[in-house]
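# Geometric and topological summary
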Amino acid sequence: MKLLTLNTHSWMEEQPLEKLQQLVKQILEDDYDLIALQEVNQRIDSRSVIDPPNFHPTNDQFAVHEDNFAYLLVQQLAEQHAIYHWSWAYNHIGYDLYHEGVALLSKQPIKPEAVLVSKEQNPTDYRRRVVLLGQTSVGELPITAASCHYSWWTETDGFAYEWQQTEATLKHYPLPLIIMGDFNNPAAAKTGYQLVCNSELDLQDSFSSAKETTGEFTVEKAIDGWGENQEKLRIDYIFTSPELTINHYHVLFDGKQTPIISDHFGIAVTVD
(Lines give C-alpha, C1' and ligand atoms only; values in the text may rest on other atoms or scores of the structure.)
Protein backbone atom coordinates (compact mmCIF):
# COMPACT_ATOMS: atom_id res chain seq x y z
CA MET A 1 0.00 0.00 0.00
CA LYS A 2 1.38 3.40 -1.00
CA LEU A 3 0.15 6.60 0.64
CA LEU A 4 0.84 10.28 -0.10
CA THR A 5 -0.09 13.48 1.70
CA LEU A 6 0.67 17.04 0.59
CA ASN A 7 -0.46 20.55 1.49
CA THR A 8 -0.56 21.76 -2.12
CA HIS A 9 -0.74 25.55 -1.49
CA SER A 10 -2.45 25.39 -4.87
CA TRP A 11 -2.46 28.42 -7.19
CA MET A 12 -0.38 30.36 -4.64
CA GLU A 13 2.99 29.17 -5.95
CA GLU A 14 4.89 30.57 -8.93
CA GLN A 15 4.37 28.57 -12.14
CA PRO A 16 1.47 26.62 -10.62
CA LEU A 17 0.64 24.63 -13.76
CA GLU A 18 4.21 23.39 -13.97
CA LYS A 19 4.00 22.28 -10.33
CA LEU A 20 0.73 20.51 -11.05
CA GLN A 21 2.48 18.60 -13.83
CA GLN A 22 5.29 17.66 -11.44
CA LEU A 23 2.76 16.27 -8.98
CA VAL A 24 1.09 14.30 -11.78
CA LYS A 25 4.48 12.88 -12.79
CA GLN A 26 5.28 11.74 -9.25
CA ILE A 27 1.88 10.08 -8.79
CA LEU A 28 2.28 8.23 -12.08
CA GLU A 29 5.77 7.07 -11.14
CA ASP A 30 4.97 5.81 -7.65
CA ASP A 31 1.38 4.69 -8.30
CA TYR A 32 -0.12 5.68 -4.93
CA ASP A 33 -3.20 3.83 -3.70
CA LEU A 34 -4.44 6.68 -1.52
CA ILE A 35 -3.69 10.42 -1.60
CA ALA A 36 -4.67 13.19 0.85
CA LEU A 37 -4.36 16.82 -0.24
CA GLN A 38 -4.83 20.06 1.69
CA GLU A 39 -5.23 23.69 0.59
CA VAL A 40 -7.00 22.39 -2.49
CA ASN A 41 -8.20 25.68 -3.94
CA GLN A 42 -10.59 26.96 -6.57
CA ARG A 43 -11.35 30.56 -7.44
CA ILE A 44 -14.52 31.95 -5.92
CA ASP A 45 -15.55 33.46 -9.27
CA SER A 46 -14.84 30.46 -11.54
CA ARG A 47 -17.58 28.30 -13.06
CA SER A 48 -19.04 25.21 -11.44
CA VAL A 49 -18.60 21.74 -12.93
CA ILE A 50 -21.64 19.55 -13.46
CA ASP A 51 -21.11 15.90 -12.47
CA PRO A 52 -17.28 15.69 -12.47
CA PRO A 53 -15.99 12.20 -13.40
CA ASN A 54 -15.34 9.69 -10.59
CA PHE A 55 -16.37 12.28 -7.99
CA HIS A 56 -18.04 11.11 -4.79
CA PRO A 57 -19.95 13.97 -3.10
CA THR A 58 -20.14 14.42 0.66
CA ASN A 59 -23.30 14.75 2.70
CA ASP A 60 -23.35 18.54 2.21
CA GLN A 61 -21.34 19.05 -0.96
CA PHE A 62 -20.00 22.48 -1.90
CA ALA A 63 -19.88 23.03 -5.68
CA VAL A 64 -16.69 21.94 -7.48
CA HIS A 65 -15.35 24.58 -9.89
CA GLU A 66 -13.54 24.08 -13.19
CA ASP A 67 -10.21 25.23 -11.71
CA ASN A 68 -10.46 23.07 -8.58
CA PHE A 69 -6.92 21.77 -8.09
CA ALA A 70 -8.00 18.20 -7.32
CA TYR A 71 -10.38 18.16 -10.31
CA LEU A 72 -7.59 19.18 -12.68
CA LEU A 73 -5.20 16.71 -11.08
CA VAL A 74 -7.62 13.79 -11.49
CA GLN A 75 -8.33 14.82 -15.09
CA GLN A 76 -4.65 14.88 -16.00
CA LEU A 77 -4.04 11.54 -14.30
CA ALA A 78 -6.96 10.02 -16.22
CA GLU A 79 -5.43 11.23 -19.49
CA GLN A 80 -2.45 9.01 -18.58
CA HIS A 81 -4.79 6.09 -17.79
CA ALA A 82 -4.43 6.47 -14.03
CA ILE A 83 -8.00 6.50 -12.72
CA TYR A 84 -8.71 7.86 -9.26
CA HIS A 85 -11.98 8.22 -7.40
CA TRP A 86 -12.04 11.45 -5.42
CA SER A 87 -13.85 13.70 -2.95
CA TRP A 88 -13.39 17.33 -1.95
CA ALA A 89 -14.70 19.20 1.09
CA TYR A 90 -14.81 22.99 1.56
CA ASN A 91 -13.15 24.58 4.58
CA HIS A 92 -13.21 28.37 4.22
CA ILE A 93 -12.27 31.37 2.08
CA GLY A 94 -8.52 31.53 1.49
CA TYR A 95 -6.52 34.66 0.58
CA ASP A 96 -9.81 36.46 -0.28
CA LEU A 97 -9.73 34.69 -3.67
CA TYR A 98 -10.33 30.99 -3.17
CA HIS A 99 -12.63 28.36 -1.82
CA GLU A 100 -10.10 26.33 0.13
CA GLY A 101 -10.63 22.68 0.99
CA VAL A 102 -9.24 19.19 1.47
CA ALA A 103 -9.36 16.22 -0.90
CA LEU A 104 -9.01 12.45 -0.95
CA LEU A 105 -8.04 10.39 -3.99
CA SER A 106 -8.35 6.60 -4.04
CA LYS A 107 -8.08 3.89 -6.66
CA GLN A 108 -11.30 2.42 -5.23
CA PRO A 109 -14.70 4.14 -4.79
CA ILE A 110 -15.04 6.37 -1.73
CA LYS A 111 -17.93 6.76 0.69
CA PRO A 112 -17.14 10.26 2.02
CA GLU A 113 -18.27 12.41 4.93
CA ALA A 114 -17.34 16.03 5.62
CA VAL A 115 -17.14 16.60 9.38
CA LEU A 116 -17.07 20.12 10.79
CA VAL A 117 -14.55 19.93 13.64
CA SER A 118 -13.97 23.61 14.50
CA LYS A 119 -16.01 25.81 16.83
CA GLU A 120 -16.07 28.39 14.04
CA GLN A 121 -18.90 27.68 11.59
CA ASN A 122 -18.81 30.81 9.42
CA PRO A 123 -17.89 29.53 5.92
CA THR A 124 -15.86 32.68 5.19
CA ASP A 125 -13.73 32.50 8.37
CA TYR A 126 -10.26 30.94 8.09
CA ARG A 127 -10.80 29.25 11.46
CA ARG A 128 -13.52 27.01 10.02
CA ARG A 129 -12.10 23.50 9.61
CA VAL A 130 -13.60 20.38 8.07
CA VAL A 131 -12.09 16.89 8.07
CA LEU A 132 -12.83 14.81 4.99
CA LEU A 133 -13.40 11.17 5.92
CA GLY A 134 -13.62 8.43 3.32
CA GLN A 135 -14.42 4.75 3.59
CA THR A 136 -12.61 3.04 0.75
CA SER A 137 -10.40 0.02 0.06
CA VAL A 138 -6.79 -0.64 -0.81
CA GLY A 139 -6.76 -3.91 -2.70
CA GLU A 140 -9.13 -6.08 -0.69
CA LEU A 141 -8.54 -4.24 2.60
CA PRO A 142 -11.36 -1.87 3.67
CA ILE A 143 -9.99 1.26 5.37
CA THR A 144 -11.16 4.56 6.81
CA ALA A 145 -9.08 7.47 5.50
CA ALA A 146 -9.02 11.13 6.51
CA SER A 147 -7.58 14.27 4.93
CA CYS A 148 -7.07 16.96 7.58
CA HIS A 149 -5.94 20.58 7.79
CA TYR A 150 -6.09 21.68 11.41
CA SER A 151 -5.64 24.96 13.26
CA TRP A 152 -2.68 25.91 15.42
CA TRP A 153 -2.52 24.88 19.05
CA THR A 154 -4.87 26.39 21.60
CA GLU A 155 -6.62 24.49 24.36
CA THR A 156 -10.04 26.07 23.89
CA ASP A 157 -10.97 26.58 20.24
CA GLY A 158 -7.97 25.55 18.11
CA PHE A 159 -6.30 22.22 17.50
CA ALA A 160 -7.23 20.65 20.84
CA TYR A 161 -10.94 21.18 20.23
CA GLU A 162 -10.71 20.11 16.57
CA TRP A 163 -8.87 16.91 17.43
CA GLN A 164 -11.43 16.03 20.09
CA GLN A 165 -14.20 16.35 17.51
CA THR A 166 -12.24 14.23 15.04
CA GLU A 167 -11.61 11.59 17.67
CA ALA A 168 -15.26 11.44 18.70
CA THR A 169 -16.33 10.91 15.08
CA LEU A 170 -13.69 8.33 14.16
CA LYS A 171 -14.60 6.14 17.15
CA HIS A 172 -17.65 5.11 15.14
CA TYR A 173 -15.74 4.26 11.96
CA PRO A 174 -14.29 0.84 11.12
CA LEU A 175 -10.57 0.11 11.44
CA PRO A 176 -7.90 0.40 10.23
CA LEU A 177 -7.61 4.20 10.20
CA ILE A 178 -5.27 6.24 8.01
CA ILE A 179 -5.23 9.93 9.03
CA MET A 180 -3.16 12.23 6.85
CA GLY A 181 -2.54 15.93 6.48
CA ASP A 182 -1.30 19.25 7.80
CA PHE A 183 -1.73 19.28 11.58
CA ASN A 184 -0.05 22.69 12.17
CA ASN A 185 1.43 21.25 15.38
CA PRO A 186 5.16 20.44 15.39
CA ALA A 187 6.26 17.09 16.77
CA ALA A 188 8.96 18.85 18.80
CA ALA A 189 6.42 21.09 20.56
CA LYS A 190 4.78 18.00 22.08
CA THR A 191 1.37 19.52 23.04
CA GLY A 192 -0.80 18.83 19.98
CA TYR A 193 1.41 16.00 18.78
CA GLN A 194 1.14 14.12 22.08
CA LEU A 195 -2.63 14.61 22.06
CA VAL A 196 -2.74 12.56 18.86
CA CYS A 197 -0.17 9.98 19.96
CA ASN A 198 -2.03 9.39 23.24
CA SER A 199 -5.42 9.22 21.54
CA GLU A 200 -7.97 6.53 22.37
CA LEU A 201 -7.89 5.80 18.63
CA ASP A 202 -4.54 4.04 19.28
CA LEU A 203 -2.57 5.55 16.39
CA GLN A 204 1.04 5.22 15.34
CA ASP A 205 3.10 7.98 13.76
CA SER A 206 4.44 6.59 10.48
CA PHE A 207 7.75 8.42 10.94
CA SER A 208 8.42 6.89 14.35
CA SER A 209 7.16 3.45 13.33
CA ALA A 210 8.82 3.12 9.93
CA LYS A 211 11.48 0.47 9.38
CA GLU A 212 13.25 2.93 7.10
CA THR A 213 13.08 6.73 6.83
CA THR A 214 14.22 9.16 4.15
CA GLY A 215 13.96 12.71 5.47
CA GLU A 216 11.94 14.00 8.40
CA PHE A 217 10.81 17.62 8.26
CA THR A 218 8.05 19.05 6.07
CA VAL A 219 8.67 22.78 6.63
CA GLU A 220 12.13 24.36 6.74
CA LYS A 221 11.46 28.10 6.51
CA ALA A 222 8.88 30.81 7.18
CA ILE A 223 5.62 30.02 5.37
CA ASP A 224 2.00 31.16 5.52
CA GLY A 225 0.83 30.62 9.09
CA TRP A 226 4.42 30.27 10.32
CA GLY A 227 5.71 33.70 9.32
CA GLU A 228 8.38 33.90 12.03
CA ASN A 229 9.62 30.36 11.65
CA GLN A 230 13.36 29.75 11.34
CA GLU A 231 13.35 26.08 12.32
CA LYS A 232 12.86 22.73 10.64
CA LEU A 233 9.38 21.53 11.55
CA ARG A 234 7.48 18.29 11.22
CA ILE A 235 3.84 19.42 11.03
CA ASP A 236 2.52 17.12 8.29
CA TYR A 237 1.80 13.53 9.28
CA ILE A 238 0.47 10.15 8.33
CA PHE A 239 -0.99 8.37 11.37
CA THR A 240 -2.33 4.83 11.07
CA SER A 241 -3.80 2.06 13.16
CA PRO A 242 -0.97 -0.08 14.62
CA GLU A 243 -1.93 -3.24 12.73
CA LEU A 244 -0.49 -1.64 9.59
CA THR A 245 3.26 -2.15 9.28
CA ILE A 246 5.12 0.95 8.07
CA ASN A 247 8.00 -0.05 5.81
CA HIS A 248 9.24 3.30 4.51
CA TYR A 249 8.63 6.96 5.38
CA HIS A 250 9.85 9.29 2.65
CA VAL A 251 9.80 13.12 2.47
CA LEU A 252 9.03 14.26 -1.10
CA PHE A 253 8.94 17.55 -2.99
CA ASP A 254 11.82 18.86 -0.91
CA GLY A 255 14.13 19.90 -3.77
CA LYS A 256 16.30 16.79 -3.48
CA GLN A 257 15.13 13.84 -5.55
CA THR A 258 11.85 15.59 -6.29
CA PRO A 259 11.17 19.30 -6.99
CA ILE A 260 9.66 21.74 -4.50
CA ILE A 261 6.03 22.31 -5.57
CA SER A 262 4.52 23.86 -2.42
CA ASP A 263 5.48 25.69 0.77
CA HIS A 264 5.18 22.28 2.46
CA PHE A 265 7.03 19.12 1.56
CA GLY A 266 5.00 15.95 1.03
CA ILE A 267 5.15 12.58 2.76
CA ALA A 268 4.96 9.20 1.07
CA VAL A 269 4.61 6.05 3.12
CA THR A 270 4.78 2.40 2.08
CA VAL A 271 2.65 0.10 4.25
CA ASP A 272 2.18 -3.66 4.59
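A brief look at the structure comes next.

The rules behind each value
- Residues numbered from 1 in each chain as written.
- Predicted model: local features only at pLDDT ≥ 70, side-chain atom pairs only at ≥ 80, totals over all residues.
- Heavy atoms only, no water.
- Buried < 20%, exposed > 50% of the residue type's maximum accessible area, 1.4 Å probe, protein only.
- Helix = DSSP H or I, 4+ residues; strand = E, 2+ residues; numbered from the N terminus.
- Pairing = 2+ DSSP bridges.
- Core = buried A, V, L, I, M, F, W, Y, C linked by side-chain atoms within 4.5 Å.
- Phe/Tyr/Trp six-rings, centres within 6.5 Å; stacked < 30°, edge-to-face > 60°.
- Salt bridge = Lys/Arg side-chain N within 4 Å of Asp/Glu carboxyl O.
- Axes fitted to C-alpha atoms, helices over the stretch in contact; angles between N-to-C directions.
- Contact = heavy atoms within 4.5 Å.

What follows deals with the pairing of strand β8 (residues 177-182). In terms of burial, β8 is a largely internal element, six of the six residues being buried. Bridge analysis of strand β7 (residues 141-149) against β8 gives six bridges, and the strand direction is parallel. Counted as the bridge partner of histidine 149 is aspartate 182 from β8. Summarising the sheet, β8 and strand β11 (residues 236-240) pair through five bridges and their orientation is antiparallel. Residue pairing for β11: glycine 181 is matched across the bridge by tyrosine 237.

The subject of this paragraph is the nonpolar core. Grouped together as the largest cluster of nonpolar side chains are 34 residues, with contacts concentrated most on Leu4, Leu23, Ile27, Leu73, Trp86 and Leu105. Mapped by element, the contributors of at least two residues to this core are β1 (2-7), α1 (16-30), β2 (34-43), α2 (69-79), β3 (85-94) and β4 (98-106). Counting residues per element, this core draws most heavily on α2, which supplies seven residues. Counting residues in hydrophobic clusters, the runner-up holds 26 residues, among them Ala89, Leu104, Ala145 and Ile238.

Moving on, we get to the sheet that holds β7. The strands that make up a sheet are held in pairs by hydrogen bonds between backbone atoms, and each pair lies either parallel or antiparallel. Read across the open sheet, the six strands follow the order β5-β6-β7-β8-β11-β9; overall the sheet is mixed. Lying at the two open borders of the sheet, with one neighbouring strand each, are β5 (111-116) and β9 (204-205). For strand β6 (residues 130-138) and β7, the ladder comprises seven bridges, and the chain directions are antiparallel. Pairing of leucine 132 across the sheet is with serine 147, part of β7.

Further remarks concern the packing of aromatic side chains. By the definition in use, this model includes 17 aromatic pairs. Each ring, one from phenylalanine 62 and one from tyrosine 90, has its centre 4.2 Å from the other, and the planes form 10 degrees; the classification is stacked. One end of the pair, phenylalanine 62, is in the loop between β2 and α2; the other, tyrosine 90, is in strand β3, with 28 residues separating them in the sequence. The exposure class of phenylalanine 62 is partly exposed, given its relative accessible area of 29%.

This brings us to the pattern of salt bridges. A complete count under the given rule lists eight salt bridges for this structure. Here aspartate 125 makes a salt bridge to arginine 127, at a shortest N to O gap of 2.9 Å. Residue class for aspartate 125 comes out buried when judged on its relative accessible area of 14%. Given the relative accessible area of 39%, arginine 127 is considered partly exposed. The residue lysine 171 makes a salt bridge to glutamate 200 at a minimum N-O spacing of 3.1 Å. Here the residue lysine 171 occupies a position in the loop between α3 (159-170) and β8, and glutamate 200 occupies one in the loop between α4 (191-197) and β9, the gap between them amounting to 29 residues.

Attention shifts here to α2. Most of α2 is tucked away, with eight of its 11 residues classed as buried. Here α2 has its buried residues at Phe69, Ala70, Tyr71, Leu72, Leu73, Val74, Gln76 and Leu77. A positive phi of about 70 degrees marks histidine 81, the residue just after α2.

It is worth spelling out the sheet that holds β3 at this point. On the basis of which strands lie adjacent, the open sheet formed by seven strands has the order β3-β4-β2-β1-β13-β12-β10 and mixed pairing. Unpaired on one side and paired on the other, β3 and β10 (212-214) mark the two borders of the sheet. With strand direction ignored, the average angle separating the axes of adjacent strands in the sheet is 20 degrees. In this structure, β1 lies alongside β2, joined through five bridges in parallel fashion. Bridging from a neighbouring strand, leucine 6 pairs with leucine 37 of β2. Docked against the sheet, α1 engages β1, β2 and β12 (246-252), running at close to 165 degrees with respect to β1.

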